[in-house]
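# Descriptive structure summary
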Amino acid sequence: MILALETSCDDTCAAVVDGPRVLSSIVSSQASLHERFGGVVPEVASRQHLELVNGVVTAALADAGVSLADADAIAVTSGPGLIGALLVGLSTAKGLAAASRLPLVPVDHLHGHVAANFLEPEPLAPPFLCLVASGGHTLLAGVRERSGFEPLGATLDDAAGEAFDKGARLLGLGYPGGPAIQAAAEAGDPEAFDFPVAMSRDPGLDFSFSGLKTALVYRVRELGEEATREATPDLAASYQRAIVDQLIGKLRRAASSGEWPAVALGGGVAANAELRRRTAELCAELGLRLKLVAIELCTDNAAMIGSAAGVLESISYPHYLSYDAFATDRNSLRPS
Ligand code: KG4
Ligand code: ZN
């Protein structure tokens, strides 16, 4: 049984996981705190993690009906993410582990999003193709074994979630932008505006979203304040369509190789209803197994970190005490 912590961005998370079983998963979102700034303020996030983390750990243990003495290991996200935020989780995890002489399992956040698919119900076993799209990352992962993945393509600039967040900010829809755009889009026509779908003629598996955001900036400027307000549902629906079109286009290209019997989604953008619907259509068309995890396992959570930790080597006490967090992607994600 593993106690897992996740504090890479603006959610303070702890979970208790036993193999594919989630015994508890607590997520204390700071979104409302950051909303007035239109995005996550790193220093505010770190301080808030510090305030919340002990209570969240206590709640996760209580919810699972276990105590720290029952844990076999402590897992924690070591990166990538906001460095100050990561350090709160890592220091807390080191402290908890060291006090009980437990081993520590540092987990890559992106591996966590992939590993959410290993959890019940209906755990997915490799090989599969996983589109990971979040606020900080967008990549296609070829998953051949549980302990890692091969990045097949990634965004060259903004992440898909970032495009949602920046678009929502431009349209005055608040933070986080993904759910806000999705809600506004429900009343809109996705064909009302013609936004560019980047990289569609590019033969590779990389993504690009910065041009789309710029296109929205120009469109909003052209329309002016009042017309933008009136057209917000159409703008949201068309903008969402352009993001999802690109994601599905690349997913289709990767899935068509015939190498992958199943397709999965991960990361906060995997909560998007339109992306889920279109991925299901794609899998039906290509005859591939589809795995969609519950919404609460798409957005940041610690259960996915516990899931990844269960298939990784742990570091025994006291060797992890000098282990450091990392802010940006490492190239160590390929299975060796
Ligand atoms: O994985 P996540 O919780 O945190 C990061 O690792 O970044 O992803 C957060 C991102 C945000 O950009 C948020 O706007 C987006 O996921 N998101 C969505 C939806 N729910 C969250 N994007 C589109 N549609 C949604 N329903
Ligand atoms: Zn994430």
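Anything mentioned here points back to the structure above.
This structure is a prediction, so every number in the text was calculated from the model and none was measured. (Residues numbered from 1 in each chain as written. Chains lettered and ligands numbered in written order. Predicted model: local features only at pLDDT ≥ 70, side-chain atom pairs only at ≥ 80, totals over all residues. Heavy atoms only, no water.)

## Side note on the pairing of strand β5 (residues 104-108)
What counts, and what does not: Working definition: with a 1.4 Å probe on protein chains only, accessible area under 20% of the residue-type maximum means buried, over 50% means exposed, and in between means partly exposed. In DSSP terms, a helix is any run of H or I states spanning at least four residues, a strand is any run of E spanning at least two, and both are numbered starting from the N terminus. Here, any two strands with at least 2 DSSP bridges between them count as paired. A clockwise course of the path from the first strand over the helix to the second, judged with the strands pointing away from the viewer, identifies a crossover as right-handed.
Of all five residues in β5, five are buried, a share of seventy percent or more. Residues of β5 alternate between two faces, with L104, P106 and D108 on one and V105 and V107 on the opposite face, all of them buried. The sheet contact formed by strand β4 (residues 73-79) and β5 spans five bridges and is parallel. Counted as the bridge partner of A75 is V105 from β5. Assessed by its sense of winding, the connection that carries the chain from β4 through helix α3 (residues 83-99) to β5 is right-handed.

## Here's the deal with the pattern of salt bridges
For clarity, the threshold we go by: One speaks of a salt bridge when a side-chain nitrogen belonging to Lys or Arg is within 4 Å of a carboxyl oxygen belonging to Asp or Glu.
Using the criterion set out here, one finds 15 salt bridges in the structure. Here R229 makes a salt bridge to E225, at a shortest N to O gap of 3.8 Å. Residue R229 and its partner E225 are located together in helix α7 (residues 210-230), separated by four residues, close to a single helical turn. By the burial criterion, R229 is exposed, and E225 matches it.

## Description of the packing of helix α6 (residues 177-185) against helix α8 (residues 232-255)
This is how it is decided: All axes are obtained by fitting lines to C-alpha atoms, using only the stretch in contact for helices, and the reported angles, taken between N-to-C directions, cover 0 to 180 degrees. Handedness of each helix crossing follows the sense of rotation of the near helix against the far helix: counterclockwise by less than a right angle gives left-handed, clockwise gives right-handed. Any pair of residues with heavy atoms lying within 4.5 Å of one another is described as a contacting pair. Under the scheme applied here, ten amino acids are nonpolar (Ala, Val, Leu, Ile, Met, Phe, Trp, Tyr, Cys and Pro), four are charged (Asp, Glu, Lys and Arg), and all others, including Gly, are polar.
At their nearest, the axes of α6 and α8 sit 7 Å apart, and the two run at 120 degrees to each other. The hand of the α6/α8 crossing is left-handed. Here I181, Q182, A184 and A185 of α6 lie close against α8, whose contacting residues are P233, A236, A237, Y239 and Q240. A per-class count over the contact of α6 with α8 returns seven nonpolar, two polar and no charged.

## Observations regarding the site of ligand 1
To keep it simple, the criterion reads: In this text, near means that some heavy atom of the residue lies within 4 Å of the molecule or strand in question. Polar contact is the term for a pair of N or O atoms within 3.5 Å; when the atoms are in protein, one must be able to donate a hydrogen and the other to accept it, and sequence-neighboring residues count only if both atoms are side-chain atoms. Residue exposure ignores everything except the shown protein chains as possible cover, and the areas themselves are Shrake-Rupley values with a 1.4 Å probe.
The environment of ligand 1 is formed by 20 residues, the closest being G135, D165, G178, Q182 and D300. Contact distances for ligand 1 include 3.1 Å between an oxygen atom and a side-chain N or O atom of H113. Q182 is positioned with one of its side-chain polar atoms (N or O) 2.9 Å from a nitrogen atom of ligand 1. The fraction of the free accessible surface of ligand 1 (550 Å²) that becomes covered by protein chains is 90%. Those elements that place two or more of their residues in the shell around ligand 1 are α4 (109-115), α5 (160-170) and α6. Here the shell around ligand 1 gets four residues from one element, more than from any other, and that element is α6. For the shell around ligand 1, the residue count by class is five nonpolar, 13 polar and two charged.

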